[in-house]
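Residue strings, one per chain:
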Amino acid sequence: MSLTLTPRQLIEAATQFGTPLYVYHAERINEQYQLLLNAFKTVDAHFFYAAKALTNINILKYINSIGCKVDCSSINEVKLALRADFAPANILYTSNNISFAEIMEAKEAGVHINIDSISNLRKFGEQYGHSYPVGIRLRPNIMAGGNLKIATGHSSSKFGVPVEAIEEILQIQRETNLHIRTLHIHTGSEIKDVAVFAKGIEVLLGLVKFFPELDVIDLGGGFKVPYRQDEAGTDINQLGEKVKEEFDSFEKNNKRHLQVWFEPGKFIVSEAGYFITKVNVLKQSGNIAFAGINSGLNHLIRPMFYGAYHEIENISNPNGELKDFHVVGNICETDTFAEDRILPEVREGDYLVFKNAGAYCFEMSSHYNSRFKPAEVLYLNNRPQLIRKRDELDDLLRNQLEII
Ligand code: LLP
């Protein structure tokens, strides 16, 4: 049974810190990490939390404290990870389409780097030769992921070096004596099917023979988490068994030991997050009942951007009569969180809580309509603590220069 925060705890946090409010549950994050360790305990597996899902410095520090490593998608995330005291050896930087200057900065920081273009790979080889091991992000030409925006491994995606460019990679290896340590893929987010990971493993293991110094296969992130009550996520135990089978057999046949790395974001933090909002107004329009909340696409864009489903709970009136609502925001364009959602009767002033709000929720928020970003709270040892203050007007003006 997974750890959850109770409605009472959420109401307590909302009363103390106001709404809209993101609340994260530290112990649940640890629980997810332990599930991974357990599922992969018989393989040489290493987990790098994909920080892009949620970068609050306290979340990063907590994740470091439980022994998980970290994967970054920008040099700023690398700097945040260093600030959270991750050792450079526990930081991975998997970028796409970045400048070589940024790669040089990551190299100076001493972190693992996955390079995703022929152009930067050649520059890296010419600059550093054999002195600094790197990984190559490949595009395996596998279509996978919950929707097209988060499908990254298919044959027309911008990500990685296409596998068909293997000859060019080998030429760079020969000409610059580049030390290639890792082959990486990330085929998409929300991949339920273990067979997709198996296909990726097959592509990568087939290439290992070209890289004498390679000792890591990095399979990226993308484990699916359930967003609906009746939905299943990736079966990580089954995946663990599959990885063991494939890697054991590779080791036996090739007398080479390989580590396997993963970069899970959603799996680690999605279910540990709750977004608490308050109902501003009810509006009846024909047979539609709108519940207008004190939030919008500026705080949680996943439903509007991806058509993502987030379960909503009316924690103020759990036993109310079930009715049909359109839950909408207060932004100046259509920002529908949920259409025809059956909820216990929603009243003005009720707290509506969005589940699965740990990953890519606060992180994708903005100041659109000059509204403040929500505050963030971490529940740790059963105690809610503020980890990000609510914005103030000065936050909207910060970095603006008044020249008139
Ligand atoms: N590694 C790389 C190289 C990635 O690009 C990503 C996600 C991950 C790991 C982590 O994937 P995860 O385990 O979280 O699925 N904003 C979207 C998700 C975008 C994912 C981008 N890359 C959403 O809210 O669904």
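Calculation rules
Residues numbered from 1 in each chain as written. Predicted model: local features only at pLDDT ≥ 70, side-chain atom pairs only at ≥ 80, totals over all residues. Heavy atoms only, no water. Axes fitted to C-alpha atoms, helices over the stretch in contact; angles between N-to-C directions. Helix = DSSP H or I, 4+ residues; strand = E, 2+ residues; numbered from the N terminus. Parallel < 35°, antiparallel > 145°, perpendicular 65-115°, else oblique. Contact = heavy atoms within 4.5 Å. Nonpolar A, V, L, I, M, F, W, Y, C, P; charged D, E, K, R; others polar. Core = buried A, V, L, I, M, F, W, Y, C linked by side-chain atoms within 4.5 Å. Buried < 20%, exposed > 50% of the residue type's maximum accessible area, 1.4 Å probe, protein only. Domains from an automatic or database assignment. Polar contact = N/O pair within 3.5 Å; in protein donor to acceptor, adjacent residues only side chain to side chain. Arc of directions from axis to C-beta. Buried area = accessible area lost by both parts, 1.4 Å probe. Salt bridge = Lys/Arg side-chain N within 4 Å of Asp/Glu carboxyl O. Pairing = 2+ DSSP bridges. Right-handed = clockwise from strand over helix to strand, strands pointing away.

1. What about the packing of helix α6 (residues 118-128) against helix α7 (residues 166-176)?
Between two packed helices, the angle of one axis relative to the other and the distance separating the axes together describe the packing.
Here is step 1: One way to put it is that α6 packs onto α7 with a least axis distance of 9 Å and a crossing angle of 10 degrees. One finds that α6 runs roughly parallel with respect to α7. Contact residues: α6 offers Ile-118, Leu-121, Arg-122, Gly-125 and Glu-126, while α7 offers Glu-168, Ile-169, Ile-172, Glu-175 and Thr-176.
Here is step 2: Considering only residue class, the contact of α6 with α7 consists of four nonpolar, two polar and four charged.

2. Thoughts on the nonpolar core
Here is step 1: By size, the foremost hydrophobic cluster in this structure holds 108 residues, and its most contacted members are Phe-40, Tyr-49, Phe-124, Leu-138, Phe-211, Ile-217 and Val-269.
Here is step 2: Considering each element in turn, this core owes the most residues, seven residues, to helix α8 (residues 194-205).
Here is step 3: Each of domain 1 (40-264) and domain 2 (271-397) accounts for three or more of the residues forming this core.
Here is step 4: If we ignore the near neighbours within four places in the chain, the residues touching Ile-217 are Leu-183, Leu-204, Leu-205, Val-208, Phe-247, Leu-258, Gln-259, Val-260 and Trp-261.
Here is step 5: Among the nonpolar cores identified, the runner-up in size contains 15 residues, and Ala-13, Val-23, Tyr-274 and Ile-315 belong to it.

3. Things to note about the side chain of Thr-152
Here is step 1: Mapped onto the fold, Thr-152 is located in the loop between β6 (134-139) and β7 (161-162).
Here is step 2: Separated by 3.2 Å, the side chain of Thr-152 and the backbone nitrogen of Gly-188 make a polar contact.
Here is step 3: The contact partners of Thr-152, leaving out residues within four places of it in the chain, are Arg-137, Arg-139, Ala-144, Ser-157, Phe-159, His-186, Thr-187 and Gly-188.

4. Here's the deal with helix α1 (residues 7-17)
Here is step 1: If you check which residues of α1 are buried, you get Gln-9, Leu-10, Ala-13, Ala-14 and Phe-17. Looking down the long axis of α1, one finds its buried residues gathered within 135 degrees of arc, a one-sided arrangement. Residues of α1 that are exposed and point more than 90 degrees away from the buried face comprise Arg-8, Thr-15 and Gln-16.
Here is step 2: Buried residues in α1 make contact with β1 (21-25), β11 (273-285), β16 (351-354), β17 (375-380) and β18 (383-388).
Here is step 3: Once α1 ends, the next one or two residues include Gly-18, with phi positive near 80 degrees.

5. Considering the domain arrangement of the protein chain
Here is step 1: What the domain assignment reports for the protein chain is domain 1 (40-264) and domain 2 (271-397).
Here is step 2: Taken over C-alpha atoms, the centre of domain 1 sits 33 Å from the centre of domain 2.
Here is step 3: Facing the 17 residues of domain 1 at the interface are 17 residues of domain 2.
Here is step 4: Here domain 1 and domain 2 share an interface that buries about 1,700 Å² over both sides, 52% of which is from carbon and sulfur atoms.
Here is step 5: On inspection of domain 1 and its partner domain 2, the count reaches one salt bridge.
Here is step 6: Residue Glu-190 is joined to Arg-302 by a salt bridge in which the shortest nitrogen-to-oxygen separation is 3.1 Å.
Here is step 7: The tally of links from domain 1 across to domain 2 stands at nine residue pairs in polar contact (both at pLDDT 80 or more).
Here is step 8: Here the side of domain 1 that touches domain 2 is built from residues that sort into eight nonpolar, five polar and four charged.

6. Quick word on the pairing of strand β10 (residues 259-262)
Here is step 1: Alternating residues of β10 divide into Gln-259 and Trp-261 and Val-260 and Phe-262, and every residue in both groups is buried.
Here is step 2: As defined by bridge partners, strand β9 (residues 216-218) adjoins β10 across three bridges and the pair is classed as parallel. Counted as the bridge partner of Ile-217 is Val-260 from β10.
Here is step 3: Regarding the hand of the β-α-β motif, the stretch spanning β9, helix α9 (residues 236-254) and β10 is right-handed.

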